[in-house]
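# Architecture at a glance
Below, each chain spelled out in residue letters.
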Amino acid sequence: MKAKNYILAVAMAASLLISGQHLYANGEPPPPPPGHILVVGSDGTAYAASHAAAAQTTATPTTSIVAITSAGDKKSISVAGRVEHLALGLDSSSNAVLAAVAEKHVTTNMAGDNATTELYLVSLPFSQNATPVSVNLKGINASKPRVVNGNAYIATDIASDNVTRGGVSSYLYVVSLKGAIISQTEY
């Protein structure tokens, strides 16, 4: 009997993973992915996001974003939240910008309209004391941002009362690289 239950549990977990759904235990987000989140700019500078293991149990974890040049020079900044995605792009003046997406620590007390994602925008190269522009977006399960024509595009999901969509609403945000929300469209 135990073997059947184990096989059923594995099959259900595999089904959820294949369908793209996150497995949450008691409303807690899954542990951070192994390793680091990494993007590399055209100049060879690598940008990595690492999660402080001890901070994962706090209400708002912290992520360190480190820039390492090909010569080995490094600078870092910290942002609130667990960074899920990094993306590089250009603003309208062809200056490089790093976009980082951090989901806020989601608990059962922060379900529905209280679940948020933070979009951080940082002009590059950043200095040790750089302050990222922060934009608060409704929802979680954010897409990797795309930086096109001087704007960042990002999609999020949020629990809703809309039964026709299975209780989830999706939003597409267009955000200027200065941090202003240009549009928020539900789809």
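Higher on the page you've got the structure.
Reference entry: report on the structure contained in this document. The numbering scheme is per chain: residues are counted from 1 as the chain's sequence reads. For this predicted model, a pLDDT threshold of at least 70 governs which residues receive local features, and a threshold of 80 or more governs which side-chain atom pairs are given and counted, while totals over whole chains, interfaces and linings are taken from all residues. Each side-chain value is derived from all of the structure's non-hydrogen atoms; neither hydrogens nor water enter the calculation.

## Here we look at the packing of aromatic side chains
- In this scheme Phe, Tyr and Trp rings, the latter by its six-membered ring, pair at centre separations within 6.5 Å, and the angle between planes marks the pair as stacked below 30 degrees, edge-to-face above 60, and tilted otherwise. Tallied over the entire structure, the rule returns two aromatic pairs.
- On the basis of an interplanar angle of 50° and a centroid distance of 6.2 Å, the ring pair of Tyr47 and Phe126 is categorised as tilted. Residue Tyr47 is located in strand β2 (residues 46–51), and its partner Phe126 is located in the loop between β7 (116–123) and β8 (133–138); the two are separated by 79 residues in the primary sequence. Here Tyr47 and Phe126 have matching classes, each one buried.
- Between Tyr171 and Tyr173 the ring centres are 6.3 Å apart and the planes differ by 40°, which places this aromatic pair in the tilted class. Put simply, DSSP H or I for four residues or longer makes a helix, DSSP E for two residues or longer makes a strand, and each gets a number counted from the N terminus. Think of it in three bands: with a 1.4 Å probe and only protein chains considered, a residue is buried below 20% of the maximum accessible area for its type, exposed above 50%, and partly exposed in between.

## Notes on the nonpolar core
- By nonpolar core is meant a set of buried Ala, Val, Leu, Ile, Met, Phe, Trp, Tyr and Cys residues that side-chain atoms within 4.5 Å join together. Within the largest apolar cluster, 17 residues are counted, with the highest numbers of intra-cluster contacts made by Tyr47, Ile65, Val83, Leu86, Leu98 and Phe126.
- Here this core takes three residues from strand β6 (residues 96–103), the largest share from any one element.
- Residues are treated as being in contact if the distance between any of their heavy atoms lies within 4.5 Å. Among residues more than four places away in sequence, those in contact with Phe126 are Tyr47, Ile65, Val66, Ala67, Lys75, Ser76, Ile77 and Leu98.
- Counting residues in hydrophobic clusters, the runner-up holds 16 residues, among them Leu121, Val135, Val175 and Leu177.

## Remarks on the pattern of salt bridges
- Every case where a carboxyl oxygen of Asp or Glu lies within 4 Å of a side-chain nitrogen of Lys or Arg is listed as a salt bridge. Under the counting rule described, the total for this entry stands at one salt bridge.
- Notably, a salt bridge pairs Glu84 with Arg82, separated by 2.5 Å at the nearest N-O pair.

## Notes on the sheet that holds strand β4 (residues 74–80)
- Should DSSP find at least two bridges between two strands, the strands are taken to pair. Read across the sheet, four strands follow the order β1-β2-β3-β4 without closing on themselves; strand pairing throughout is antiparallel. Taken across any chain shown, the strands that pair with only one partner, and hence form the sheet edges, are β1 (37–40) and β4. Taken pair by pair, the neighbouring strands of this sheet meet at an average axis angle of 20°, ignoring direction. To get an axis, a line is fitted to the C-alpha atoms, and for a helix only the part in contact is used. The angle between two axes follows their N-to-C directions and goes from 0 to 180 degrees.

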